[in-house]
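Chain residues, written in single-letter form:
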Amino acid sequence: MKGLGTRLLTGVVFVVAVVLATYAHPISFAILFFMVTALCLWEFYAIVLTKDAGKVDNSRKILAMITGLLPYTVIATSLLSGQILYKGLALTLASLVAWTFLLLVFELFAKAENPFTHFGNILLGAFYIGVPFALLGVIGLYEGFHPFLILGMLLLTWVNDSFAYLTGSLFGKTPLIPRISPKKTREGSLGGILFTLLGGYLLSLIFSEYTLENWMVISVLIAIFSSLGDLVESMLKRSYTVKDSGGLLPGHGGFLDRFDGFIFMVPFVFLYLVMQ
């Protein structure tokens, strides 16, 4: 019961803090997701960056954090300062390419046994975590502030995750991908999809800026790709034999554990919104 109480308290505080910071102001939104990006990156790099020598390891992790945070930082700063989006995107791409070349120079002199493994893992963090949060910044800050859409994406992700777990616990019999996540079931996934669609319908009544059709498509994308994102992070943790990505959220693991599905679905929702 004590563990359940801790999990519940952490969950309530976490949700309230994220919702308030998302909705309050563009600056609070930008700061919130900068912090979330940084924490997810920190946990990711703690898992994938292998050890060589103390000072080199610390320097590499700092450089990795800068790499992962570049896309979000440049995009969010550009949009908040009123720059044209394509200039922000061009600056982001140029900065990321230039910085990654400097990473190669660092590995050239670091005398690591596997320099390109380190380099590849650093870039993976930037594209797996940094770029999706940069796209989230575009969704939230392009041509005005759109907190309702970000909030809707967060809520639908939480609905999918929660009801997939509940449905799976009550009715789950058929494993989804047992070699990666033995407890996840097809019945749970179906329950998550159905309740996410219901959540999308309710959001269409509250946030009328988007049509019911828009919210239904967004709900389907979130239900499918956030579930796949959760499985991909499970694959990552199994590959490195770790249980949780971190311990910053008592009863819930780390920030990457909480945002794995959200990160994974953002590019797909972004593509849909761009095509509208």
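Because the structure is a prediction, the values reported are computed rather than measured. Position labels on residues start from 1 in each chain and follow its written sequence. The predicted nature of this model means local features are confined to residues of pLDDT at least 70 and side-chain atom pairs, given and counted, to a pLDDT of 80 or more, with totals for whole chains, interfaces and linings taken over all residues. Remark: hydrogens and water are excluded; side-chain values derive from all non-hydrogen atoms of the structure.

Enquirer: Describe the overall build of the chain, and please don't skip the residues or the numbers.
Expert: Helix numbering and strand numbering both begin at the N terminus, where a helix is a DSSP run of H or I of at least 4 residues and a strand a DSSP run of E of at least 2. Secondary structure summary: the chain contains nine helices and two strands in total. Secondary structure elements in the chain, listed N-terminal to C-terminal, are α-α-α-α-α-α-β-β-α-α-α. Within these notes, the globule rule equals 2.2 Å times the number of residues to the 0.38 power, and the radius of gyration is based on C-alpha atoms. Taken against the 2.2 N^0.38 rule, which gives 19 Å for 276 residues, the C-alpha radius of gyration of the chain at 19 Å falls within 12% of a compact globule. A principal-axis box enclosing the C-alpha atoms of the chain has dimensions of 55 × 45 × 35 Å. Only protein chains enter the accessibility calculation, which uses a 1.4 Å probe. A residue is then buried if its area is under 20% of the maximum for its type, exposed if over 50%, and partly exposed in between. The burial tally for the chain puts 47% of its 276 residues in the buried class. The criterion used for residue contact is that any of the two residues' heavy atoms lie within 4.5 Å. A separation threshold of at least 6 residues defines the contact pool for the chain, and within that pool the share at least 24 residues apart is 72%. Of the accessible surface of the chain, which amounts to about 14,200 Å², a share of 72% is contributed by carbon and sulfur atoms. The positive charge centre, built from 17 side chains, and the negative charge centre, built from 15, are 7 Å apart in the chain. The method behind every accessible area is Shrake-Rupley, applied with a 1.4 Å probe, and residues are considered shielded solely by the protein chains displayed. Charged residues are defined here as Lys and Arg on the positive side and Asp and Glu on the negative side; His and the ends of the chain fall outside this count. Every charge is mapped onto a representative atom, which is NZ of Lys, CZ of Arg, CG of Asp or CD of Glu.

Enquirer: Any chance you could break down the packing of helix H5 (residues 115–141) against helix H9 (residues 255–274) for me, citing the residues and the numbers?
Expert: For helices, the fitted line uses only the C-alpha atoms of the stretch in contact; every axis is such a line through C-alpha atoms, and the angle between N-to-C directions lies from 0 to 180 degrees. For the pair H5 and H9, interaxial distance at closest approach is 9 Å and the crossing angle is 55°. With respect to H9, the element H5 is oriented oblique. For the element pair H5 and H9, the recorded crossing hand is left-handed. Here H5 contributes Tyr128, Ile129, Pro132, Phe133, Leu135, Leu136, Val138 and Ile139 to the contact with H9, which in turn contributes Leu256, Phe259, Phe262, Ile263, Phe264, Val266, Pro267, Phe270 and Leu273. Looking at side-chain class alone, the contact of H5 with H9 contains 17 nonpolar, no polar and no charged residues. The scheme is simple: roughly parallel for angles under 35 degrees, roughly antiparallel for over 145, roughly perpendicular for 65 to 115, oblique for anything else. By the definition used in this description, the sense in which the near helix is turned from the far one sets the handedness, with an anticlockwise turn below a right angle giving left-handed and a clockwise turn giving right-handed. Note on residue categories: nonpolar means Ala, Val, Leu, Ile, Met, Phe, Trp, Tyr, Cys or Pro, charged means Asp, Glu, Lys or Arg, and polar means any other residue, Gly included.

Enquirer: Lay out the packing of helix H6 (residues 147–171) against H9 in plain terms, naming residues and giving numbers.
Expert: Think of two packed helices as two axes; the pair is described by the angle between the axes and how far apart they sit. Running from N to C, H6 and H9 point in directions that differ by 130°, and their axes come no closer than 10 Å. Comparing their axes, H9 and H6 come out oblique. Two packed elements cross with a definite hand, and for H6 against H9 that hand is right-handed. Contacts between H6 and H9 involve Leu149, Met153, Leu154, Thr157 and Asp161 on the former and, on the latter, Arg258, Phe259, Gly261, Phe262, Met265, Val266, Val269 and Leu273. Across the contact of H6 with H9, the residue classes tally to nine nonpolar, two polar and two charged.

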